[in-house]
Amino acid sequence: MSRVVYVNGEYVHEEDAKISVFDRGFLFADGVYEVAAVIGGKLVDNEAHLARLERSLTELKMRCPVPFTEIPVIQRELVEVNDIDEGMVYLQVSRGVADRDFNFPKKEQPSLVMFTQDRPVSSSPKAVRGIRVSSQPDIRWKRRDIKTVQLLAQSLAKEAALSAGADDAWMVEDGFVTEGSSNNAFIITADGTLVTRQLGNDILHGITRRAVLEIAAEEGLTVEERPFTVVEAQGAAEAFSTSASALVMPVISIDNKTISQGVPGPITRKLRERYIEIAQETAV
Ligand code: PDD
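Residues numbered from 1 in each chain as written. Predicted model: local features only at pLDDT ≥ 70, side-chain atom pairs only at ≥ 80, totals over all residues. Heavy atoms only, no water.

## Here we look at a negative patch on the surface
Here comes step 1: Together, E77, E80, D83, D85 and D118 make up a negatively charged patch on the protein surface.
Here comes step 2: Residue D118 is classed as exposed on the basis of its relative accessible area, which comes to 58%. (Patch = residues over 30% accessible without salt bridge, like charges linked within 9 Å, V, L, I, M, F, W, Y side chains within 5 Å. Areas by Shrake-Rupley, 256 points an atom, 1.4 Å probe, with all protein chains shown as cover. Salt bridge = Lys/Arg side-chain N within 4 Å of Asp/Glu carboxyl O. Lys, Arg positive; Asp, Glu negative; His and termini not counted. Charge placed at Lys NZ, Arg CZ, Asp CG, Glu CD. Buried < 20%, exposed > 50% of the residue type's maximum accessible area, 1.4 Å probe, protein only.)

Okay, here's the thing in structure tokens:
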């Protein structure tokens, strides 16, 4: 069945959804995006996603073509017309259509596109088994804190991981893991300390990351925000990644080295369970 998607003020079937070849999102990857999870037909942590969208737009001096308060209205309309119980709402703002020129257009009319994806989120089979990751060089630009649509480096890293027999890539720069290809990376040390890289321009400030750190604090876990190496991760008690699309995803091996017993660890499972509980309670 064809989805209904939103393109610049209109709700249309996906086969009729069109963007100009001159759109700067297409020509320059001059656009930003957000992905919010849907659980029970409701949006998870959407306010935080929209706050990050606003920050990404500000960093790129781009404006939003609709008032910010309008965005959740459109998101909810799409969830409803497409009958999404679990899945995602994707939204993208680009700098819009202008003749090809590196400089920003004088008169900017940004584009806004949104669509839904229907897929299991809270009951993913991968989360039961855990995933294998492959380390890949992080060849991205230096402003990874801005959620731009220039995702070719991540796409290449995921493809390389797949070729190496893994499910996903963790990216490495100067000997340390930055983050996953589309998620933040965490380990739990032998003494039960939760470790994840500190915020900065070299990683995306994950909304799920933040929520998981809050849960960890509630659970009384010691948290260290610092870089870690692949070797430290391989020797960790547990590992996992976080994102709006996969929530808390257990990692069971890195570069073919099994982590601990090769099954999702107890702290990871607890964090995932608690995350889902809170998401179900607070989604709107
Ligand atoms: N990706 N790091 C990167 C590079 C990401 O692309 C993402 C999200 C995250 C996790 O952020 P959050 O918890 O806010 O989803 C970290 C989305 C899901 C995607 O591109 O599909």
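## Observations concerning the environment of A236
Here comes step 1: By the secondary structure assignment, A236 is in the loop between helix 7 (230-234) and strand 13 (238-243).
Here comes step 2: The sequence separation of A236 and S181 amounts to 55 residues, and the corresponding C-alpha distance is 20 Å. (Helix = DSSP H or I, 4+ residues; strand = E, 2+ residues; numbered from the N terminus.)

## What about helix 2 (residues 46-59)?
Here comes step 1: Its 14 residues place the ends of helix 2 20 Å apart at the C-alpha level, agreeing with the 20 Å of an ideal helix rising 1.5 Å per residue.
Here comes step 2: Along helix 2, the residues that are buried comprise N46, A48, H49, L50, R52, L53, S56 and L57.
Here comes step 3: The elements touched by buried residues of helix 2 are strand 3 (31-39), strand 4 (42-43), helix 3 (70-81), strand 5 (87-94) and helix 6 (207-218).
Here comes step 4: Backbone geometry just after helix 2 places K61 at a positive phi near 50°. (Expected span 1.5 Å × (residues − 1). Contact = heavy atoms within 4.5 Å.)

## A look at the site of the ligand
Here comes step 1: Around the ligand, a shell composed of 20 residues is seen, among which Y33, R52, E179, I207 and T208 lie nearest.
Here comes step 2: A distance of 2.8 Å separates an oxygen atom of the ligand from a polar backbone atom of A244.
Here comes step 3: In isolation the ligand has 480 Å² of accessible area, and contact with the protein removes 91% of it.
Here comes step 4: The pocket occupied by the ligand, as judged from atoms lying within 2 Å of grid points, is the largest pocket.
Here comes step 5: For the shell around the ligand, the residue count by class is 5 nonpolar, 11 polar and 4 charged. (Near = heavy atom within 4 Å. Polar contact = N/O pair within 3.5 Å; in protein donor to acceptor, adjacent residues only side chain to side chain. 1 Å grid on protein atoms, 1.4 Å probe; cavity = no way out; pocket = protein on both sides within 12 Å on 5 of 7 lines; lining within 4 Å. Sits in = over half its atoms within 2 Å of the grid points. Nonpolar A, V, L, I, M, F, W, Y, C, P; charged D, E, K, R; others polar.)

## Some details on the sheet that holds strand 4
Here comes step 1: With antiparallel pairing, 6 strands are arranged side by side in an open sheet as 2-1-6-5-3-4. At either margin of the open sheet sits one strand with a lone partner, and together these are strand 2 (10-13) and strand 4.
Here comes step 2: Both strand 1 (residues 4-7) and strand 6 (residues 111-118) contribute to a ladder of 2 bridges, which runs antiparallel. The partner of V7 across the bridge, within strand 6, is V113.
Here comes step 3: Sitting on the sheet, helix 3 touches strand 1, strand 2, strand 3, strand 4, strand 5 and strand 6, and the angle it makes with strand 6 is about 35°. (Pairing = 2+ DSSP bridges. Axes fitted to C-alpha atoms, helices over the stretch in contact; angles between N-to-C directions.)

## A word on the pattern of salt bridges
Here comes step 1: Evaluated as defined, the whole model comprises 21 salt bridges.
Here comes step 2: E59 is the partner of R143 in a salt bridge, and the nearest nitrogen-oxygen pair spans 2.9 Å. One end of the pair, R143, is in the loop between strand 7 (131-137) and helix 5 (152-163); the other, E59, is in helix 2, and 84 residues separate them in sequence.
Here comes step 3: Judged by relative accessible area, E59 falls into the partly exposed class, the value being 34%.
Here comes step 4: The shortest N-O distance in the salt bridge between R143 and D145 comes to 2.8 Å.
Here comes step 5: Via salt bridges that share partners, D138, R140, R144, E173 and E179 belong to a single interconnected network.

## Digging into empty space enclosed by the protein
Here comes step 1: Taken as a whole, this structure holds 1 cavity of 30 Å³ or more when the rule is applied.
Here comes step 2: A237, E238, A239, V251, I252, I259, S260, V263 and G265 are the residues that line the largest cavity.
Here comes step 3: At the level of elements, strand 13 and strand 14 (247-254) are the ones that each hand at least two residues to the lining of the largest cavity.
Here comes step 4: Looking at the lining of the largest cavity, its residues break down into 6 nonpolar, 2 polar and 1 charged. (Points joined across faces, edges and corners; volume = space filled by probe spheres on them.)

## Focus: the packing of helix 6 against helix 8 (residues 266-282)
Here comes step 1: One can describe the packing of helix 6 onto helix 8 by two numbers: an axis separation of 10 Å at closest approach and a directional angle of 110°. Taken together, the axis directions place helix 6 and helix 8 in an arrangement best described as roughly perpendicular. Residue-level inspection shows T208, A211, V212, I215, A216 and E218 of helix 6 in contact with helix 8, the latter providing L271, R274, Y275 and I278.
Here comes step 2: The residue inventory of the contact of helix 6 with helix 8, partitioned by class, reads 7 nonpolar, 1 polar and 2 charged. (Parallel < 35°, antiparallel > 145°, perpendicular 65-115°, else oblique.)

## Looking at the side chain of R144
Here comes step 1: By secondary structure assignment, the location of R144 is in the loop between strand 7 and helix 5.
Here comes step 2: One polar contact links the side chain of R144 to the main-chain carbonyl oxygen of R140, over a distance of 3.4 Å.
Here comes step 3: A distance of 2.8 Å separates polar atoms of two side chains, one belonging to R144 and the other to E173.
Here comes step 4: Leaving out residues up to four positions away in the same chain, R144 has contacts with D138, E173, T178, E179, N201, D202, I203 and L204.

## Some words on a nonpolar patch on the surface
Here comes step 1: Taken together, V21, F22, F26, L27 and V97 make up a surface patch of nonpolar side chains, about 470 Å² in accessible area.
Here comes step 2: Relative to the assigned elements, V97 resides in the loop between strand 5 and strand 6.
Here comes step 3: Given the relative accessible area of 45%, V97 is considered partly exposed.

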